[in-house]
Amino acid sequence: MTVHNLYIFDRNGSCLYYNEWNRKKQAGISKDEEFKLMYGMLFSIRSFVSKMSPLDMKEGFLSFQTSKYRLHYYETPSGLRFIMNTDLSVPNARETLQQIYSNLYVEYIVKNPVCVLGHSLDSELFSSRLDSFIRGLPFYSPRAA
Amino acid sequence: MADESLFDFLHMEIVSHIYKEQQSSKEEMDNKDRAVCVSVLESMGFRVGQGLIERLTRDSPSFKDELDVMKFVCKDFWTKVFRRQVDNLRTNHQGTYVLQDNKFSLLTQLSNGKQYLDQAPKYLAFSCGIVRGALSNLGLDSVVTAEVSVMPSCKFQVVVQKL
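Residues numbered from 1 in each chain as written. Chains lettered and ligands numbered in written order. Predicted model: local features only at pLDDT ≥ 70, side-chain atom pairs only at ≥ 80, totals over all residues. Heavy atoms only, no water.

K.L.:
Sorry, what's going on with the interface of chain B and chain A here?
P.N.:
Interfaces are often sized by the accessible area lost when the parts come together. Listed by partner, the interface residues are 12 residues for chain B and 13 residues for chain A. Summing both sides of the interface, chain B and chain A together bury roughly 1200 Å²; the carbon and sulfur share of this comes to 58%. Across the contact surface, chain B and chain A share 0 salt bridges. No other element matches the 3 residues that helix α1 (residues 4-23) of chain B contributes to the side of chain B that touches chain A. Its residues assigned to classes, the side of chain B that touches chain A shows 5 nonpolar, 7 polar and no charged. (Contact = heavy atoms within 4.5 Å. Buried area = accessible area lost by both parts, 1.4 Å probe. Salt bridge = Lys/Arg side-chain N within 4 Å of Asp/Glu carboxyl O. Helix = DSSP H or I, 4+ residues; strand = E, 2+ residues; numbered from the N terminus. Nonpolar A, V, L, I, M, F, W, Y, C, P; charged D, E, K, R; others polar.)

K.L.:
Any chance you could explain the packing of aromatic side chains here in plain terms?
P.N.:
Any two aromatic rings considered together are summarised by their centre-to-centre distance and by the angle between their planes. In this structure the tally under the stated criterion is 21 aromatic pairs over all chains. Ring geometry for B:F82 and B:F104: centres 4.8 Å apart, planes at 55°, overall tilted. Here B:F104 lies in the loop between β2 (96-101) and α4 (120-137) and B:F82 lies in helix α3 (residues 66-82), a separation of 22 residues in the sequence. For the pair formed by B:F82 and B:F104, the shared burial category is buried. Joined through ring pairs, the aromatic side chains of A:Y7, A:F9, A:Y18, A:F35, A:Y39 and A:F43 make up one cluster. (Phe/Tyr/Trp six-rings, centres within 6.5 Å; stacked < 30°, edge-to-face > 60°. Buried < 20%, exposed > 50% of the residue type's maximum accessible area, 1.4 Å probe, protein only.)

K.L.:
Teacher, can you tell me more about the environment of B:G45 here?
P.N.:
All names here are of chain B. Along the chain, the position of G45 falls in helix α2 (residues 31-56). When the C-alpha positions of G45 and V86 are compared, they lie 19 Å apart, and in sequence the two are 41 residues distant. If we ignore the near neighbours within four places in the chain, the residues touching G45 are F126, G129 and I130.

K.L.:
Explanation requested: the sheet that holds strand β3 (residues 142-148) of chain B in the structure shown.
P.N.:
Whether parallel or antiparallel, the strands of a sheet pair through hydrogen bonds between backbone atoms. Residue and element names in this part refer to chain B. Read from one edge of the open sheet, 4 strands run β1-β2-β4-β3, paired in antiparallel fashion. For this open sheet the edge positions go to β1 (88-91) and β3, each flanked by a neighbour on one side alone. On average, adjacent strands in this sheet sit at an angle of 20° to one another, irrespective of strand direction. Relative to β2, β1 runs antiparallel, the two sharing 4 bridges. Across the sheet, L89 pairs through a bridge with L99, a residue of β2. (Pairing = 2+ DSSP bridges. Axes fitted to C-alpha atoms, helices over the stretch in contact; angles between N-to-C directions.)

K.L.:
Help me understand the pattern of salt bridges, please; the structure alone is not making it clear to me.
P.N.:
Pairing between side chains becomes possible if they bear opposite charge and their charged atoms approach one another. Within the structure shown, the criterion is met by 14 salt bridges over all chains. Between A:K31 and A:E34 there is a salt bridge; the shortest N-O distance is 3.5 Å. You can see A:K31 and its partner A:E34 sitting in helix α1 (residues 31-52), 3 residues apart, about one turn around the helix. For A:K31, a relative accessible area of 32% gives the class partly exposed. Note on A:E34: relative accessible area 5%, which makes it buried. Residue B:D87 pairs with B:R84 through a salt bridge whose shortest N-O separation is 2.7 Å.

K.L.:
Would you explain the packing of helix α2 (residues 94-110) of chain A against helix α3 (residues 124-135) of chain A in this entry?
P.N.:
The description of two helices packed together rests on the angle between their axes and the distance between the axes. All names here are of chain A. Contact geometry of α2 with α3 gives a least axis separation of 10 Å together with a crossing angle of 155°. With respect to α3, the axis of α2 lies roughly antiparallel. Here the hand of the crossing between α2 and α3 comes out right-handed. Here T96, Q99, I100, L104, Y105, Y108 and I109 of α2 lie close against α3, whose contacting residues are L125, F126, R129, L130, F133 and I134. Its residues assigned to classes, the contact of α2 with α3 shows 10 nonpolar, 2 polar and 1 charged. (Parallel < 35°, antiparallel > 145°, perpendicular 65-115°, else oblique. Left-handed = near helix turned anticlockwise from the far one by under 90°.)

K.L.:
When you look at a nonpolar patch on the surface in this model, what are you seeing that I'm missing?
P.N.:
All names here are of chain B. Nonpolar side chains collect at one region of the surface, where V36, V40 and M44 lie side by side and expose about 190 Å² of accessible area between them. As for its position among the elements, V40 is in helix α2. Residue classification places V40 among the partly exposed positions, given a relative accessible area of 33%. (Patch = residues over 30% accessible without salt bridge, like charges linked within 9 Å, V, L, I, M, F, W, Y side chains within 5 Å. Areas by Shrake-Rupley, 256 points an atom, 1.4 Å probe, with all protein chains shown as cover.)

K.L.:
Help me out: how do you make sense of the side chain of A:N112 in this one?
P.N.:
Along the chain, A:N112 turns up in the loop between α2 and α3. Leave out the neighbours within four places in its chain, and A:N112 touches A:S123, B:M12, B:Q109, B:L110 and B:Y116.

K.L.:
Could you clarify how one ought to interpret the environment of B:S5 in this entry?
P.N.:
Among the secondary structure elements, B:S5 is positioned in helix α1. Considering only alpha carbons, one finds B:S5 and B:S39, 34 residues apart in sequence, at a separation of 24 Å.

K.L.:
Which parts of the structure should I look at to understand the side chain of B:D33?
P.N.:
By secondary structure assignment, the location of B:D33 is in helix α2. Within the local environment of B:D33, its side chain forms a polar contact with the side chain of B:Q22, the two groups lying 3.4 Å apart. (Polar contact = N/O pair within 3.5 Å; in protein donor to acceptor, adjacent residues only side chain to side chain.)

K.L.:
Explanation requested: the sheet that holds strand β3 (residues 63-65) of chain A in the structure shown.
P.N.:
All names here are of chain A. Spatially, the 5 strands line up as an open sheet ordered β2-β1-β5-β4-β3, and their pairing is antiparallel. Unpaired on one side and paired on the other, β2 (15-20) and β3 mark the two borders of the sheet. Taken over all neighbouring pairs, the strand axes of this sheet differ in orientation by 10° on average, direction set aside. Bridging between strand β4 (residues 69-75) and strand β5 (residues 81-87) involves 7 bridges; their strand directions are antiparallel. The residue of β5 that forms the bridge with L71 is N85.

See the structure below:
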């Protein structure tokens, strides 16, 4: 039961924040390339999902899973994208991502006069609160399954 | 009570606007520019404080002495304006008072320690003005300054001017 890592992108594709808690294997490319790959892939998946949908789409792309992990996606109305990789025991982290947005991002970044929206998130207060929030999640445990 | 974020966002923008205006002509801000920005913010706060105190003391009885006025500022006034009471009031009984607020509402979202410490004074100037304006309309001329060492805790020093 665990959270592997978390990405926050803005609507232009820049990665505002990245943190990992339990990542055993790196991607083998530089962090910049990894962020570009993540954003680009999600952009394509979302447009693919909406094109191929046999019914009218409501939320669109929510998550994908492999035999080892699941990637959860949440996009806010303002275009902010939250991506979290967890293990397979977490069926739906959408609400968690929504809470991260409203209780952490809005509180500590939007309401912080020094943080410029659209730049990477430097606030230590945000990082530490996010860290305790993640560690406090019911599906988080320091030792991966 | 209106949503607190309304004032928070407006205050953030006021501070940012005043600093941008002052900087528009040159590249770097020197200390004189910073002092101008701080005093503009403080005088805005002064007028706001004057108005606020008139409204908040509409129904209160008159105050016995200076200490009573300061206690009112620390309790009722601070609660109405900054949503909590001052944690600690110290005085030397000779006109100097130190009000300590350990979770000052305009600093709580900034940081929880030392990060952004150099930016904190910008966001305290307006509040110093509010306190000075409030005291002025209660009959006390004063000089109000604020200092921060660890956010979000800050100390406001009030020196009452004797005639």
